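As a plain string of letters, each chain reads:
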Amino acid sequence: MSVFQQDDFDGHEQVAFFKDDETGLRAIIAVHNTNLGPALGGVRMWPYASDSDAVRDVLRLSRGMTYKSALAGLPFGGGKSVIIGDPLKDKSEALMRAMGRCVDKLAGRYIAAEDSGTNVGDLQQMASQTEHVVGIVKKNTTGGDLRSGDPSPATARGVFVGLQAAVRHRFGRDDLQGTRVAVQGVGNVGLRLVQYLRDAGAHCWISDTHAERVERAADEMGATPVAANDILGLDVDVFAPCALGAVLNSDSIPDLRARVVAGAANNQLQHCTHGDALMRAGVLYAPDYVINAGGVIDVAFEHTGYDLEKVVAKVEGIASSLTEIFKRSDAEERPTSDVADALARERFMMQMAA
Ligand code: NAD
C-alpha cells in the first residue's frame, strides 16, 4: 500500500505509527495541518479489518478536523488518532496509558480528545502520561447544560441553534413552533436535541435501533416513534441525522421529503457529490462539521482556559456561521458543503500565507 497514493492523503504534516508489545497497542496518529494551532482530534478505537482501513480512516478524519476547527474559529489544527482493536474486548487501562505515552511523543503537536470507542475514563488514563489530552475536566456550571468532560451537551446545543438557523433561512420562520422534525438516533446528542426542540414547540418523530432509547424519548419528550427504515422518508420539515454517517446518498436523497437536513452525525454525505444532489433536490443541507462543532468547541476551551460564557457564545455562533454559508451558497449557486469547504480552506491557508 502506498500512503502517498491514497485518495485520503492530503499533504498531511505527519503520520506516526506506534506498537507496544506489552499492552498489544497498535495505533496511528495523523496530524493533518497545524497552521492555526496544534492538531486537535479524538482517539478512535475500532476493530479495523486491515491496517490500510485504519490508515484511510485516520487520514480522512484528521483532515476533517482541520476544516471543523477552522470554521469554528478555533486556534487549532486538525488531527486524529486510531487504536486498532475492539473497545469491548481489547481495551485496558495499561493500553490507554500506553496510548498516552504515544501522544506525549508528539510533544503537543497533537491534542487528544474522546471519539467512538473511547470515553472520559480512557482519556483520564492517557492523561496520567501526558498533558496533551482534553475532554476530561468536569466543571460544575450554573444555569447551563454545557460543561467540559462529555462534549455531547455542547454538540446538541450547536445542532439546535444550527437547525433553527436553517429553518429561518429555508422557511423564513423565526421560531420552531409547529415545526416537524425527524430525528434519526436518540443517543447522547439526539435525545438532548429532541428536548430542545420540544421546548421550542416543535414536534419530533424519532427512530433508534435501541428500543429502550426510543421508549425513553417518547415517554419523556412526547416524541412519536417510527420504524428505523421509515424515518428518512417522513413528510416533515427537517431531517436531523444523529446516528450514522453516509445517510445522504444516491438511494436516500430521492426519498427525502424534508426540505432541510440539519443533524449531528459525522460524514453525512456518502460522497462529496451528494452535496450537489441535495441542492438540486431543493434540500438545504447544514454541513455536518459546521453544525456539529459544539463538542470540539467545548473541549478546545479546556486547553486554552475554560470559560463557560465564551464557550456558549462560540456554540451559539454556529447559527451565524451557517447563515453565512447558506447565503453564499444561494449567491454563488453552489452546494453548502462546497461553500463550507472553501471557507475553511480560506481560513487555514490564509494563515499559512500570512
Ligand atoms: P450515540 O452513540 O450516543 O447515539 C447514536 C444513536 O444512534 C444510538 O442510540 C444508536 O442506537 C442509534 N443508531 C445507530 N444506528 C441507527 C440507525 N440505523 N437508525 C437509528 N438509530 C441508530 O452517539 P452520539 O454521541 O449521540 O453522536 C451521534 C452522532 O453525532 C454520531 O454520528 C457522532 O459521530 C456525531 N457527533 C457526536 C458528537 C458528540 O459530542 N457526541 C460530536 C460530533 C459529532
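Each value, and the rule that gives it
- Residues numbered from 1 in each chain as written.
- Predicted model: local features only at pLDDT ≥ 70, side-chain atom pairs only at ≥ 80, totals over all residues.
- Heavy atoms only, no water.
- Pairing = 2+ DSSP bridges.
- Helix = DSSP H or I, 4+ residues; strand = E, 2+ residues; numbered from the N terminus.
- Contact = heavy atoms within 4.5 Å.
- Axes fitted to C-alpha atoms, helices over the stretch in contact; angles between N-to-C directions.
- Domains from an automatic or database assignment.
- Buried area = accessible area lost by both parts, 1.4 Å probe.
- Salt bridge = Lys/Arg side-chain N within 4 Å of Asp/Glu carboxyl O.
- Polar contact = N/O pair within 3.5 Å; in protein donor to acceptor, adjacent residues only side chain to side chain.
- Nonpolar A, V, L, I, M, F, W, Y, C, P; charged D, E, K, R; others polar.

**Things to note about the sheet that holds strand S11 (residues 284-285)**
Whenever strands of a sheet pair, they do so through backbone hydrogen bonds, lying parallel or antiparallel.
Part 1: Strand order in the open sheet made by the six strands is S8-S7-S6-S9-S10-S11, with parallel pairing throughout. If you trace the sheet from one side to the other, it starts and ends with strand S8 (224-225) and S11, each paired once.
Part 2: In this structure, strand S7 (residues 203-207) lies alongside S8, joined through two bridges in parallel fashion. Across the sheet, residue Ile 206 finds its bridge partner in S8, namely Pro 225.
Part 3: With respect to the sheet, helix H5 (residues 188-199) is in contact with strand S6 (180-184), S7 and strand S9 (238-241), its orientation differing from that of S6 by roughly 170°.

**What about the domain arrangement of the protein chain?**
Part 1: As far as domains go, the protein chain holds domain 1 (3-68 + 75-136) and domain 2 (152-293 + 319-346).
Part 2: Computed from C-alpha atoms alone, the centre-to-centre distance between domain 1 and domain 2 is 28 Å.
Part 3: With five residues of domain 1 at the interface, the matching set in domain 2 holds eight residues.
Part 4: When domain 1 packs against domain 2, close to 530 Å² is buried across both sides, 52% of that on carbon and sulfur atoms.
Part 5: Contact with domain 2 buries area across many residues of domain 1, yet Arg 60, Tyr 67 and Lys 68 alone supply 88% of it, more than any other trio.
Part 6: Applying the counting criterion to the domain 1 and domain 2 interface returns zero salt bridges.
Part 7: If you look at where domain 1 meets domain 2, you find two residue pairs in polar contact (both at pLDDT 80 or more).
Part 8: Tallied by class, the residues present in the side of domain 1 that touches domain 2 amount to two nonpolar, no polar and three charged.

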